[in-house]
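Each chain, letter by letter, is given below.
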Amino acid sequence: MTPAIELTRLRKQYGRRTAVDSLDLRIEPGSVFGLIGPNGAGKTTTLRMILDIIRPTAGAIRVLGEDPRRGGPALRRRIGFIPGELRLDGRMTGRRLLDFYSEVSSPVTSGTIDRLADRLDLDLSRPVHALSKGNKQKLGIVQAFMHEPPLLVLDEPTSGLDPLVQREFLRLVTDARDRGQTVLLSSHVLSEIQQTADVVAVLSQGKIVAEGDVASLRLGAIRRVRVGLAATNATVIREQLGALPHISELDVRSETDIVRVSATVDGDIDPLVKWLAQCRVIDLAVEEPDLEESVLRLYGEPSRPETGERDA
Ligand code: ATP
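Colleague: Teacher, can you tell me more about the sheet that holds strand β12 (residues 258-266) here?
Modeller: Within a sheet, each strand pairs with its neighbour through backbone hydrogen bonds, oriented either parallel or antiparallel. The antiparallel open sheet is built from four strands, whose spatial order is β11-β12-β10-β13. The open sheet has two free edges, formed respectively by β11 (247-255) and β13 (281-287), since each of these has just one partner strand. Here the strands of the sheet are splayed against their neighbours by 10° on average, with no regard to which way each runs. Sheet topology note: the β11/β12 ladder contains seven bridges and is antiparallel. For Val252, the partnering residue across the bridge sits in β12 and is Val261. Its contacts with the sheet place helix α9 (residues 234-242) against β10 (222-229), β11 and β12, and it is angled at close to 165° to β11.

Okay, here's the thing in structure tokens:
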């Protein structure tokens, strides 16, 4: 089957900086593909090349079987796009803006705009300039999904959305996949990739450092744990916790009548839970570390990418 997206030795150079470095990627039709990676890894640059917003320095791109440089508006209409930095402004209402977009995109089935706006809890009667960042983002989502394009390219689509709306958005993504649409989703948020993506690629310094299904990448295996214990002897606690498997970055501090512990658990959390069971636990938070940290830990990176000023 023709891949929905195929990148071959794709490269983008900004002066001496290589933003995307010999990237090979194949995205099967009808799948959700998650692209994750630390800031400056090259995600946005890759997506912009796929949309022909910027041109590659070298390499080839096929999108829905076509070269995006030659596909023109006809190809563009078959792609729903949410840019990473969505800028929407103006006095027209959300509804008028979407009506305007629907004239240039493929036809939109009647009722779809309202149905999407309802699902995302978006008020279409308000002028765009008066919308909060999150509501503008919802408008961007409706605009990308409303004509049910065969391909959706979504750059950090949940930024600014509250958790309930994020969840609904993820349902939109899986509904789209169930209808046979292909979704390329870039994100910093590991949980949303874990919940939706069939395949995930980890990008670091313009290169894919890992690719596979989410489970096999073990990205969820690292957690940051913070605990408050009704105890006073921090030294004993430090010793006992330090002896448990999978614990690193252990920090144990004594405050009045409470010992605060923070640690990173890389792997099985069960030994820690069993150890905590014998204590009086006052506070407990188990957090997913940010994606950057997980990626860097798992796939190592000799030096962090520069995040200097952009010059174009
Ligand atoms: P983020 O999650 O922070 O948006 P990203 O993975 O999307 O990161 P890109 O925006 O693609 O990363 O940037 C990749 C690299 O290319 C970075 O080092 C960035 O500074 C550089 N870069 C991107 N656009 C330009 C530009 N127009 N001019 C110069 N350098 C650029």
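Colleague: Would you mind showing me how to read the packing of aromatic side chains here?
Modeller: What describes a pair of aromatic rings is the distance from one ring centre to the other and the angle between the planes of the rings. In the structure shown here, the tally under the stated rule is two aromatic pairs. On the numbers, 5.9 Å between centres and 45° between planes, the contact of Phe100 with Tyr101 is tilted. The class of Phe100 is partly exposed, set by a relative accessible area of 45%.

Colleague: What should I look at first to understand the domain arrangement of the protein chain in this one?
Modeller: In many reports, interface size means the accessible area that the parts give up when they come together. Annotation of the protein chain at the domain level lists domain 1 (5-213) and domain 2 (222-287). The distance between the C-alpha centroids of domain 1 and domain 2 comes to 40 Å.

Colleague: Honestly, helix α6 (residues 163-178) in this entry has me stumped. Any pointers?
Modeller: Residues spaced three or four apart along an α-helix face the same direction, because each turn holds 3.6 residues. Between its first and last C-alpha, α6 extends 23 Å over 16 residues, near the 22 Å set by a 1.5 Å rise per residue. All of the buried residues along α6 are Val165, Glu168, Phe169, Leu170, Leu172, Val173, Thr174, Ala176 and Arg177. Tucked into the core, α6 has its buried residues touching β3 (32-36), α4 (112-120), α5 (133-145), β6 (151-155), β7 (182-187) and α7 (190-196). Directly beyond the C-terminal end of α6, a positive phi value near 100° is found at Gly180.

Parameters at a glance
- Residues numbered from 1 in each chain as written.
- Predicted model: local features only at pLDDT ≥ 70, side-chain atom pairs only at ≥ 80, totals over all residues.
- Heavy atoms only, no water.
- Pairing = 2+ DSSP bridges.
- Helix = DSSP H or I, 4+ residues; strand = E, 2+ residues; numbered from the N terminus.
- Axes fitted to C-alpha atoms, helices over the stretch in contact; angles between N-to-C directions.
- Contact = heavy atoms within 4.5 Å.
- Phe/Tyr/Trp six-rings, centres within 6.5 Å; stacked < 30°, edge-to-face > 60°.
- Buried < 20%, exposed > 50% of the residue type's maximum accessible area, 1.4 Å probe, protein only.
- Domains from an automatic or database assignment.
- Expected span 1.5 Å × (residues − 1).

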